[in-house]
Amino acid sequence: MVFLRFRRAGEAVCGIMLIAFTGLVVYSVAMRYLFSAPPRWGEELPKLLFVWMIFIGAGFAHFAGINLRVTLLIDLVARGPRRAIELVMHTMIVLMLLLILWYSVPILQLTVRSTSLATGLNDSLTFWALPMGVCLLLISECWRILRLLRGQVDSPVPLGEAAPRSSEPEIE
């Protein structure tokens, strides 16, 4: 139930960001080409929203199980070996995400002291989207690993919901 509410909140946040992004771009284009008076922030603020929308959207898409997956080969593998392969895969993804998180710290440190000329906002706001998105993906990956350790296979099921029953018996 917690994951369902969390996913719904994510959908709302991403939807609001998309509407705001679209509104800002339409306003900026209209002001530029119809009135020859483009806003100073017309390029930078939509770019900031777009970056946040990508990373937050990726995290919530993974939570919802709607991320792109190529399962042609893994679907051919028997349940036991499949779980082992998926466990190794998800562990490697967690390690990669931790590495990205580690290397995002110097980027944040470099940009924390600079401000945007157009908006006056701190430049690090753009780069904070990366660790936030990575944290969402880490939570999702840890939940998927926990499901694998409990005997389920990883299927594109939204977190917090039960996976569809397979014709194969559960391995206890």
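Residues numbered from 1 in each chain as written. Predicted model: local features only at pLDDT ≥ 70, side-chain atom pairs only at ≥ 80, totals over all residues. Heavy atoms only, no water.

Caption draft 1: Fine view of the nonpolar core. Listed in full, the 11 residues of the largest apolar core are Phe 3, Cys 14, Met 17, Phe 21, Leu 24, Leu 49, Met 53, Ile 56, Phe 60, Phe 63 and Leu 136. Where this core is concerned, the elements lending two or more residues are α1 (2-34) and α2 (44-64). Look past the residues within four positions of Cys 14 in its chain and what remains in contact with it is Met 53, Ile 56, Gly 57 and Phe 60. Core analysis: the next-biggest nonpolar cluster, separate from the first, contains 5 residues, Val 94, Val 134, Leu 138 and Ile 145 among them. (Core = buried A, V, L, I, M, F, W, Y, C linked by side-chain atoms within 4.5 Å. Buried < 20%, exposed > 50% of the residue type's maximum accessible area, 1.4 Å probe, protein only. Helix = DSSP H or I, 4+ residues; strand = E, 2+ residues; numbered from the N terminus. Contact = heavy atoms within 4.5 Å.)

Caption draft 2: Layout of the pattern of salt bridges. One pass over the structure, following the stated rule, counts 2 salt bridges. Between Asp 75 and Arg 82 there is a salt bridge, and its shortest N-O distance comes to 3.3 Å. For Arg 82, a relative accessible area of 11% gives the class buried. Put simply, Arg 82 and Glu 86 hold a salt bridge, and the shortest N to O gap is 2.8 Å. Highlighted residues: Arg 82 and Glu 86, both in helix α3 (residues 79-111), separated by 4 residues, approximately one helical turn. Each of Asp 75, Arg 82 and Glu 86 takes part in salt bridges that share partners, so that together they form one network. (Salt bridge = Lys/Arg side-chain N within 4 Å of Asp/Glu carboxyl O.)

Caption draft 3: Representation of the confidence of the model for the chain in the model. Per-chain confidence: the chain averages 86 in pLDDT, with 90% of residues scoring 70 or above. Below pLDDT 50 for its whole length, residues 166-172 participates in 10 contacts with residues either more than four positions away or in separate chains. (pLDDT = per-residue confidence, 0-100.)

Caption draft 4: The packing of aromatic side chains, seen in detail. According to the stated counting rule, one finds 5 aromatic pairs in the structure shown. Relative to Phe 63, the ring of Phe 6 has its centre 5.1 Å away and its plane inclined at 75°; by these criteria the two rings are edge-to-face. Pair noted here: Phe 6 is in helix α1 and Phe 63 is in helix α2, with a separation of 57 residues, a long-range link. Exposure remark for Phe 6: the relative accessible area of 31% places this residue in the partly exposed category. Look at Phe 63 and you get buried, because its relative accessible area is 0%. Their ring planes at 35° and their centres at 6.2 Å tell us that Phe 60 and Phe 63 sit as a pair that is tilted. In this pair, Phe 60 and Phe 63 both sit in helix α2, 3 residues apart, roughly one turn of the helix. Here Phe 60 and Phe 63 have matching classes, each one buried. (Phe/Tyr/Trp six-rings, centres within 6.5 Å; stacked < 30°, edge-to-face > 60°.)

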